[in-house]
Amino acid sequence: MKRIINILAIMLMTLIGFGQTEKQLVPGDLKQLTVVTEPSTLYKGFFRAGTALSYGIVDKYFTNDRKKEYFLNSAWATNSGFNFIFQYGITDRFQIEAAVPLSFNIRQSESRIYVPSADTTVEYSFTLKSQGLSDCYLTLKYQILNEKTSNTSLTGSLDVIIPTGTKNPTNINGERIMILRWATDVLLLPEV
Amino acid sequence: MKLNLKMVFIIMLWVVPFSLITGQTEKPARDKYTLLTMAYNQRPLTLYKGQLQANAGYRLGVRTKSFDGTGSKISLKENGAASVFHTYIMEIKYGITDFLELGADAYYLRNGIRSETSSLLSGGGTITTNSLNEYRGFGDITVAAAVRVPMEYKMWDFSLKGAVTLPVAEYQPSQPTHILTDYQSPNNYTVNYHFNNNNGYGVPLYTLSAVGKFTLSKVSVEARGSYRFPAKEGESIRWGWTLFGSTFTYYNNPYSYLPDRSLSINGSIHYQAAGWFDIFLGGYYLKTSSGWTEYFESKFANPEVTLVTIEPGFELQISPSLTIYQYAGLQLTGENTDAPFYVLTTISFNMFPFWK
């Protein structure tokens with residue numbers, strides 16, 4: 001009886017050993033990973049190039065009462081960006097990333113002032129544009145807690161911003177002022 | 001004659017086995033997975049029997065240009081009136097049979113249109129005026145039925161659709177919420193006009209549509225024509241106000257109107273790049289007419305609108321139940337209308353709820 005138990009115990013240990021064999025991931029398997037299934041850093045030797053497009057419009061703001069309201073003044077502002085991103089896995093836990101962003105931003109405001117005593121209207125147009133290469137950045141990511149062993153990962157990252165974008169405003173044109181006669185818009189529609 | 005009979009017999013011997021082989025072609029499988037993953041170029045114009053489709057869409061529109069009555073482009077940014085609109089679209093459809101589909105859709109729209117800030121400068125002070133026209137709320141619900149030719153889709157398809165837009169949404173403008181800010185004296189303040197509009201039509205609208213689709217291998221062409229017209233005249237209100245000190249008092253006056261009739265023609269060419277990926281380029285033509293609005297007890301014709309838009313986009317199947325559609329709209333030419341650039345993203349959920 002004791003001998004049988006010993007044999008069974010040895011067999012069970014072998015089974016456990018088989019169960020612990022790690023699945024070998026081939027490059028094809030790595031490419032099949034998704035945002036959900038892949039770890040927080042790329043595998044060693046894995047290279048990824050991507051692009052990202054962003055577009056935002058400034059239309060509302062939060063008041064002091066924490067309410068979201070439209071801007072009252074005539075104003076228009078958009079921020080758009082196009083990023084080229086390159087990532088490389090130095091080890092299974094350590095990743096390096098470089099990003100080259102292009103930005104296109106605009107702030108525009110229009111207003112007019114009517115001066116009855118002079119019977120004139122002064123129109124103000126303010127435009128602030130920024131476009132071209134922004135500051136590039138380099139990111140180092142390291143999995144402090146490795147997802148492979150604990151199913152949970154904790155990743156630390158360090159960003160280094162490289163000042164490749166133009167810093168100071170250039171091409172400043174004077175405030176554009178047009179003096180016009182006041183006119184009232186009249187909508188003429190055909191009567192039916 | 002004897003020779004001819006012999007020849008006919010030999011030919012028959014050749015032909016009959018081929019016809020047997022041809023007759024053995026397998027009928028396409030009709031399981032849920034196959035139908036749910038059917039590519040655009042193999043799909044009929046209406047849903048399959050028992051198929052339920054729920055669509056949720058979001059359209060981001062950037063209204064920075066418009067076309068005037070002569071077709072010239074106007075920059076709304078330079079006029080201080082550019083705006084952005086957000087439209088949330090909901091649609092549900094069900095295939096009663098392979099040739100009859102019922103559906104309903106509604107939307108929620110939010111848009112705030114500012115006007116150029118203007119100031120009146122006099123010896124006594126400055127009165128600055130800001131104006132905001134806000135459109136917010138649900139649009140009317142449209143219920144529709146579509147029928148297609150009662151045959152299996154292979155190369156071509158044709159469908160007719162009838163729809164009624166029910167005036168269930170708020171349509172009369174709500175009371176304005178004008179406010180004064182920076183009030184220093186009766187001659188020195190800022191007045192902020194805020195008009196609150198709703199998105200309903202106020203009257204029922206009928207729509208008749210015809211759709212054709214033709215597929216040759218991986219390339220498909222689809223064309224759609226729609227005509228929408230109102231059931232009757234409607235009545236709404238216009239808000240007026242008076243300002244005493246820093247307090248606004250509102251009143252309203254009724255007026256009647258007739259929504260425009262509209263004709264729209266869509267055409268699109270599709271390429272089925274893979275079973276799960278279809279890219280397309282669409283074109284859209286819109287013309288409105290015959291509507292009017294009452295001003296000062298007289299009826300004035302609404303400006304007739306024409307608009308030509310191109311719409312590049314794609315359809316991406318991400319699972320048997322889920323498909324994502326996305327397309328952008330770029331206005332080429334038009335008259336008397338805004339020309340907003342927009343991107344519509346729709347996620348479509350499909351299932352056969354009563355099919356085991």
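Keep in mind it's a predicted model, so treat the numbers as computed, not measured. Residue numbers here run from 1 along each chain, matching the order of that chain's written sequence. Chains and ligands are labelled by the order in which they are written, letters from A for the one and numbers from 1 for the other. The model is predicted, so local features are restricted to residues of pLDDT at least 70 and side-chain atom pairs to those at 80 or more, both for listing and for counting; the totals for chains, interfaces and linings are taken over all residues.

1. Observations regarding the overall build of chain A
Then comes step 1: Per the convention used, a helix needs a DSSP run of H or I reaching at least four residues, while a strand needs a run of E reaching at least two, with both numbered from the N terminus. Of the regular secondary structure elements, chain A holds three helices and nine strands.
Then comes step 2: What you see in chain A, going N to C, is helices and strands ordered as α-α-β-β-β-β-β-β-β-α-β-β.
Then comes step 3: Expressed as a percentage of its 192 residues, the buried residues of chain A come to 7%.
Then comes step 4: C-beta atoms are placed from the backbone for every residue, and two residues are taken to be in contact when these atoms lie within 7 Å. Counting only contacts in chain A whose residues sit at least 6 apart along the sequence, the fraction spanning at least 24 positions is 60%. A residue is called partly exposed when the number of other C-beta atoms within 10 Å of its own lies between 12 and 20, exposed at 12 or fewer, and buried at 20 or more, with C-beta atoms placed from the backbone.

2. Describing the overall build of chain B
Then comes step 1: Within chain B, the secondary structure is distributed over two helices and 23 strands.
Then comes step 2: Each radius of gyration reported is based on C-alpha atoms, and the globular scaling rule is 2.2 Å times the count of residues to the power 0.38. The C-alpha atoms of chain B give a radius of gyration of 28 Å, which is well past the 21 Å a tight globule of 356 residues would have.
Then comes step 3: In terms of overall dimensions, chain B has a C-alpha envelope of 120 × 40 × 35 Å along the principal axes.
Then comes step 4: Split into buried and exposed, the 356 residues of chain B put 20% on the buried side.
Then comes step 5: If you take every contact in chain B between residues at least 6 apart in sequence, the share linking residues at least 24 apart comes to 61%.

3. Concerning the interface of chain A and chain B
Then comes step 1: Across the contact, 20 residues belong to chain A and 26 residues belong to chain B.
Then comes step 2: The dominant element in the side of chain A that touches chain B, judged by the number of residues it contributes, is strand 5 (residues 94–115) of chain A, at seven residues.
Then comes step 3: Here the side of chain A that touches chain B is composed, by residue class, of eleven nonpolar, five polar and four charged.
Then comes step 4: DSSP calls a pair of strands paired once it identifies at least 2 bridges connecting them. Judged from the four bridges that link them, strand 5 of chain A and strand 6 (residues 117–122) of chain B form a sheet pairing that is parallel. Looking at strand 6 of chain B, one finds that S111 of chain A is bridged to T117 of chain B. Each residue is assigned to one class: nonpolar for Ala, Val, Leu, Ile, Met, Phe, Trp, Tyr, Cys and Pro, charged for Asp, Glu, Lys and Arg, and polar for all the others, Gly among them.

4. Focus: the pairing of strand 5 (residues 100–114) of chain B
Then comes step 1: Here strand 4 (residues 83–97) of chain B pairs with strand 5 of chain B via twelve bridges, running antiparallel. Looking across to strand 5 of chain B, one finds that K93 of chain B is bridged to G103 of chain B.

5. Observations concerning the sheet that holds strand 19 (residues 298–301) of chain B
Residues and elements named next belong to chain B.
Then comes step 1: With antiparallel pairing, four strands are arranged side by side in an open sheet as 14-15-18-19. The two strands at the open ends of the sheet, each matched to only one other strand, are strand 14 (234–244) and strand 19. Direction aside, the axes of adjacent strands within the sheet are offset by 35° on average.
Then comes step 2: The pairing of strand 18 (residues 292–295) with strand 19 spans four bridges and is classified as antiparallel. Residue pairing across strands places W292 opposite A301, the latter belonging to strand 19. To get an axis, fit a line to the C-alpha atoms, keeping to the stretch in contact for a helix; angles then go from 0 to 180 degrees between the N-to-C directions.

6. A look at the sheet that holds strand 2 (residues 65–67) of chain B
Pairing between the strands of a sheet is mediated by backbone hydrogen bonds and can be parallel or antiparallel.
Residues and elements named next belong to chain B.
Then comes step 1: Taken in spatial order, the three strands line up as 3-2-22 in an open sheet, and their pairing is antiparallel. On the outer flanks of this sheet lie strand 3 (73–75) and strand 22 (337–338), each paired with one strand and no other.
Then comes step 2: Here three bridges tie strand 2 to strand 3, and the two strands are oriented antiparallel to one another. Residue pairing in the sheet places F67 in a bridge with K73 of strand 3.

7. Side note on the confidence of the model for chain A
If pLDDT is low for a region, its predicted coordinates should not be looked at in detail.
Residues and elements named next belong to chain A.
Then comes step 1: Confidence along chain A averages 80 in pLDDT terms, with 77% of residues attaining 70 or more.
Then comes step 2: Confidence of the prediction at every residue is given by pLDDT, a number between 0 and 100. No element of chain A has a lower mean pLDDT than strand 9 (residues 176–181), which averages 48, and none a higher one than strand 8 (residues 154–162), which averages 94.
Then comes step 3: Every residue in residues 178–189 is under pLDDT 50, and counting partners more than four places away or in other chains gives eleven contacts.

8. Considering the nonpolar core
Then comes step 1: In plain words, the nonpolar core is the set of buried Ala, Val, Leu, Ile, Met, Phe, Trp, Tyr and Cys residues that C-beta atoms within 7 Å link up. Core analysis: the largest hydrophobic core is formed by five residues, namely W76 of chain A together with L76, A81, A82 and I113 of chain B.
Then comes step 2: Sequence-distant contacts of W76 of chain A, that is, excluding residues within four places in its chain, are made with Q108 of chain A together with K77 and A82 of chain B.

9. A few points about the confidence of the model for chain B
Then comes step 1: Predicted confidence across chain B gives a mean pLDDT of 91, with 92% of residues reaching 70 or more.
Then comes step 2: Below a pLDDT of 50 lies the segment residues 15–26 of chain B, which in the model reaches zero contacts outside its immediate sequence neighbourhood of four places, other chains included.

10. Observations concerning the pairing of strand 18 of chain B
All names here are of chain B.
Then comes step 1: The sheet contact formed by strand 15 (residues 247–258) and strand 18 spans two bridges and is antiparallel. Bridging across to strand 18, L258 finds its partner in W292.
Then comes step 2: What sits between strand 18 and strand 19 in their antiparallel hairpin is a turn of two residues, with F296 showing a positive phi close to 50°.

11. With respect to unusual backbone geometry
Then comes step 1: Of note, R66 of chain A is a non-glycine position whose phi angle comes to about 65°, a positive value.
Then comes step 2: In this structure, R66 of chain A sits in the loop between strand 2 (60–62) and strand 3 (68–70).
Then comes step 3: R66 of chain A sits in the exposed class, given 6 other C-beta atoms within 10 Å.
Then comes step 4: Here the phi dihedral of N336 of chain B falls at roughly 55°; this positive angle occurs in a residue that is not glycine.

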